[in-house]
Amino acid sequence: MSSIIRRRFRVFINSVTRYQKSITFKRKQQTFAALNSTTETHQVTNDVVPVFKHAAQYSDRTALRDLHGDYTYRGLLLSAKQFANELNEILGEGTQERVAFLLPNDASYVITQWACWISGQIAIPLNDQHPPTVLDYYIKDSDAKVFITTQEHLPVVEPLLAKTKRHLIVFDNVLRSIAMKVDEKVANNKDDSQHDFGNLIDAGVTGDFYNKSDALIIYTSGTTSKPKGVVLSHKNIYTQVNSLISAWNHTDKDIFLHTLPLHHVHGIINVLLCPLYVGGRCVILPKFSASGVWSELTAVNLQNTDRINVFAAVPTTYKKLIDEYDQLFTKNNKIKEYIYNVCSTKIRLMISGSAPLPKPIFDRWEEITGHRLLERYGMSEAGMMLSNPLEGERITGTVGTPLPGVEVRLTRFQSNKSEKNEPKVLVHGNAKSSQVFTSSTNSIIGDLQVKGDAVFKYYWNKPEATKESFTKDGWFKTGDTVMYENGIYKILGRSSVDIIKSGGYKISALEVETAILGHPNIVDCIVVGVDDLTWGQKVAAIVVLKEGTQLILSELREFAKKTLPAYSVPTILKVVNKITKNNMGKVNKTQIVHLLFPKETKS
Ligand code: MCA
Ligand code: AMP
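Residues numbered from 1 in each chain as written. Chains lettered and ligands numbered in written order. Predicted model: local features only at pLDDT ≥ 70, side-chain atom pairs only at ≥ 80, totals over all residues. Heavy atoms only, no water.

- The name recorded for the chain in an unreviewed UniProt entry is Acyl-CoA synthetase family member 3, mitochondrial, from Ceratosolen solmsi marchali.
- Among the UniProt annotations of the chain, the heading Sequence similarities (unreviewed entry) holds the following wording: "Belongs to the ATP-dependent AMP-binding enzyme family." (UniProt positions renumbered as here; feature names shortened; annotations may be inferred.)

See below:
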């Protein structure tokens, strides 16, 4: 047992007795939700209000806790405003230039994001799981004029920016201390008195700039070519956040635990911006670790006003937490009882999404914590679209109904697909109701399309891809096949086998194939997703080798890591003599998966 785990174990034992004396056992999470009900009403107006504009009103309340300490809303805003002045000097105010950043999951990220928006630029958050070639692609594709990072990433970033006109800024830690809570500033012996903060309420570009400008680019993989930059406007973000606040009843009392990467919508919108919009708090860990999350979920010495009460993650996270629990706690009934009691009574809401939540994970999590995970469905291009209810029955394997402000429809081609033949609309739904337009009384299966202010308008610099992804009448084609049954929606999977979801990350099989075909020993290959309870799918490479050569998984992984993000690197390697193709040169991947991986079926 590691010393951290031993320590935690002792803390649990000591606390169990005290805890059991004091607590009235409350199984139903609804009770807790009621206890937490808001005292302030969250205002939604037609004008887009960016997150930093809200911050001014929350003033000295704690907005964030990271590895370094606590930060107030006022502090974050002061700091971001100061940083925005620097960006204005380089780029001009409201010029909508792209500002890329590679920063840790802490206050430096939030300050930089807000600074981009106060300055009226487009933020592009990047991730350190991306190798230099991938970062280089993002920088060039977006034509980022400024790149912000920390000292630690300079050896990777500096060569990428050499001989370009792009500006490199190393995040200044003074900005962090400006944002910190006063007592922590004192503890760190920092003084912000030399900074002129001006009028906080005035932060940002004036006029109706935020009603019509862009805020964020998120890179996402598709079935063809390189990742595309999804451009989200301030209006998109505002709509998405408000939809979740209203559906899931987020309030200023909420304290979210953040363990997700911050270059995807799940981590940015659902878990960071939602609490910050509503005046709540976000406790942000530098990276997911099962022991770190268990410590936060069960924190024993914290007051209710300081302990986390909302947690959102991908199914892999919950599986990893279950594995840790099974390994450490399962033989000790007192600890098990303590964990169950504290999770079921102190935590208001636990959410899963980004990939299908397998029933065994849903069931085991309920056994351990008393929480029936709220599963929802979303996408980088549209934010969250469908969700199980906050109150009422959460049905495993389904994603509920449309979220507020989201309009969905299921369509299907009736005969052979041709240009003249428009798909028929089978179901049309919004948050209030769904209407069926077919005589079928059973389950209805179709391609999911979505509309609304939450939906992005375009892929960066890719007009063709943008055009193809929308119908003529303006619906975004999600590429997911969905079933509608008894008033609720269920995701059946991607329409394309070339999209793999692993650990919540979307991976293009074609991108991985292109990368590994560069290996000198590989003459042919296909990449497929193989079902796995922990990862959802694992990335498997099926390869044909050059005669007389060999290849083992570790060698392939080493090779692939040079050009692929860590999560896209294959974890399964199968060497075959031949990859069978039909007379069109196409491979039936589904058939090959069944043949080569017969046991790996989803539970
Ligand atoms: C990593 N490993 C893998 C995979 N990824 N093995 C198999 N399959 C994988 N996908 C290996 C690594 O190579 C490493 O091995 C070991 O597992 C640990 O990897 P690590 O990344 O450190 O794992 P972790 O820290 O435990 O992270 C698991 C995680 C993380 C917390 C589930 O993957 C994660 O945060 N995923 C969330 C992604 C996300 O936010 N998606 C949202 C996009 P070795 O040690 O040998 O190198 S979707 C979205 O935004 C839409 C809008 C939506 O609906 O939400
Ligand atoms: P991304 O493009 O990375 O934002 O991933 C979006 C995709 O994740 C969706 O198109 C779905 O295929 C998948 N997804 C998200 N949430 C769920 C869910 N709850 N169940 C099944 N698939 C999901």
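From this point on, the discussion continues.
### A closer look at the site of ligand 2
Move 1: Close to ligand 2 lie 16 residues, the nearest being Arg-376, Ser-380, Asp-480, Arg-494 and Lys-501.
Move 2: At a separation of 2.7 Å, a nitrogen atom of ligand 2 approaches a polar backbone atom of Arg-376.
Move 3: Lys-506 places a polar side-chain atom, nitrogen or oxygen, 2.9 Å from an oxygen atom of ligand 2.
Move 4: The protein chains hide 93% of the 500 Å² of surface that ligand 2 would expose on its own.
Move 5: Taken together, the elements giving at least two residues each to the shell around ligand 2 come down to strand S13 (374-379) and strand S22 (488-494).
Move 6: With 5 residues, the top contributor of residues to the shell around ligand 2 is S13.
Move 7: When grouped by side-chain class, the residues that make up the shell around ligand 2 number 6 nonpolar, 4 polar and 6 charged. (Near = heavy atom within 4 Å. Polar contact = N/O pair within 3.5 Å; in protein donor to acceptor, adjacent residues only side chain to side chain. Areas by Shrake-Rupley, 256 points an atom, 1.4 Å probe, with all protein chains shown as cover. Helix = DSSP H or I, 4+ residues; strand = E, 2+ residues; numbered from the N terminus. Nonpolar A, V, L, I, M, F, W, Y, C, P; charged D, E, K, R; others polar.)

### Remarks on the sheet that holds strand S16 (residues 407-412)
Move 1: Strand order in the open sheet formed by 6 strands is S18-S17-S16-S19-S21-S22, and the pairing between neighbours is antiparallel. Each having just a single partner strand, strand S18 (434-436) and S22 make up the two edges of the open sheet. Each adjacent strand pair in this sheet contributes to an overall mean axis angle of 40 degrees, direction not counted.
Move 2: Inspection of the sheet shows strand S19 (residues 444-451) paired to strand S21 (residues 476-485) by 6 bridges, in the antiparallel sense. (Pairing = 2+ DSSP bridges. Axes fitted to C-alpha atoms, helices over the stretch in contact; angles between N-to-C directions.)

### Topic: the sheet that holds strand S1 (residues 62-66)
Move 1: A sheet is described by the order of its strands in space; here 9 strands give the open sequence S2-S1-S10-S9-S11-S12-S13-S14-S15, paired in mixed fashion. Whereas interior strands pair on both sides, the edge strands pair on one side only; in this sheet they are strand S2 (69-72) and strand S15 (401-402).
Move 2: Where S1 lies against S2, 4 bridges are found, and the strand directions are antiparallel. Bridge pairing links Asp-66 to Gly-69 in S2.
Move 3: Lying on the sheet, helix H11 (residues 234-248) is in contact with strand S12 (349-352), S13 and strand S14 (383-387); it crosses S14 at an angle near 30 degrees.
Move 4: Running at roughly 170 degrees to strand S9 (residues 255-258), helix H13 (residues 290-298) makes contact with S1, S9, strand S10 (281-284), strand S11 (310-313) and S12 of the sheet. (Contact = heavy atoms within 4.5 Å.)

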